[in-house]
Amino acid sequence: MSNRSGQTTIGKNDFLVSKTDLKGRITYCNRIFMKVAGYSEAELLGKPHNIVRHPDMPRIVFKLLWDRIQNGKEIFAFVKNKTKNGGFYWVCANVTPSVDDRGSIIGYYSVRRKVNDSALPVVEDASKRYLDNLLKEKGVSYDEFISSLQQ
């Protein structure tokens, strides 16, 4: 399941499923999610879903996610998650609000699948192009940009 780079692979037919309350605390997780993430059910239930958030993931992705689902809309996103042992895995996540009989949001439901192998280079290239364009727009090198953020 894990390779030398620390990446855990997900099977083509695997579905990682979880449910959370309104604050993002896990209320349900299926066995394949536990297996891939490396946690037991007891370690996940009641914990914030961001227990699996990889530090490489830009926070803006999660702001967009929360803005969408709190407004009753679903979202699809490519997400790099971390495993308990420090590894990682990529998923294509579909997150939707769960509603009661009256249409009030009572939590969130997420189904994650294996990322299409051809998608990751596109996502990684888009990130690189964004950074390159930002540096060009500001007229600075990467090192100058990072240094300016620290000042």
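Residues numbered from 1 in each chain as written. Predicted model: local features only at pLDDT ≥ 70, side-chain atom pairs only at ≥ 80, totals over all residues. Heavy atoms only, no water.

Here we look at the pairing of strand β3 (residues 75–82)
Of the pairings in the sheet, the one linking β3 to strand β4 (residues 88–99) comprises 8 bridges and is antiparallel in character. Paired with Ala77 across the strands is Ala93, a residue of β4. The antiparallel pairing of β3 with β4 creates a hairpin that spans 5 residues between the two strands, and Gly86 there sits at a positive phi of about 95°. (Pairing = 2+ DSSP bridges. Helix = DSSP H or I, 4+ residues; strand = E, 2+ residues; numbered from the N terminus.)

Examining the sheet that holds strand β1 (residues 16–20)
The sheet built from 5 strands is open, its strands ordered β2-β1-β5-β4-β3 with antiparallel pairing. Of all the strands in the sheet, just β2 (26–29) and β3 have a single pairing partner and so form its edges. Each strand of the sheet is rotated relative to its neighbour by a mean of 30°, with strand direction disregarded. Pairing analysis gives 3 bridges linking β1 to β2, with the strands arranged antiparallel. Opposite Ser18, over in β2, you have Cys29 as the bridge partner. (Axes fitted to C-alpha atoms, helices over the stretch in contact; angles between N-to-C directions.)

Quick look at the environment of Glu43
Looking at the secondary structure, you find Glu43 in helix α2 (residues 41–44). Accessibility expressed as a relative area gives 28% for Glu43, which makes it partly exposed. Discounting residues that sit within four places of it in the chain, Glu43 has contacts with Gly38, Ile51 and Lys84. Within the local environment of Glu43, its side chain forms a polar contact with the backbone nitrogen of Ser40, the two atoms lying 2.7 Å apart. A distance of 2.4 Å separates polar atoms of two side chains, one belonging to Glu43 and the other to Lys84. (Buried < 20%, exposed > 50% of the residue type's maximum accessible area, 1.4 Å probe, protein only. Contact = heavy atoms within 4.5 Å. Polar contact = N/O pair within 3.5 Å; in protein donor to acceptor, adjacent residues only side chain to side chain.)

Examining helix α4 (residues 119–138)
Given a rise of 1.5 Å per residue, 20 residues ought to cover 28 Å, and the 29 Å separating the end C-alpha atoms of α4 matches this to within 8%. Looking at the packing, one finds that the buried side of α4 touches β3, β4 and α5 (142–150). Residue Gly139 follows α4 closely and has a positive phi angle near 70°. (Expected span 1.5 Å × (residues − 1).)

Any functional reading would require information beyond the geometric quantities listed.
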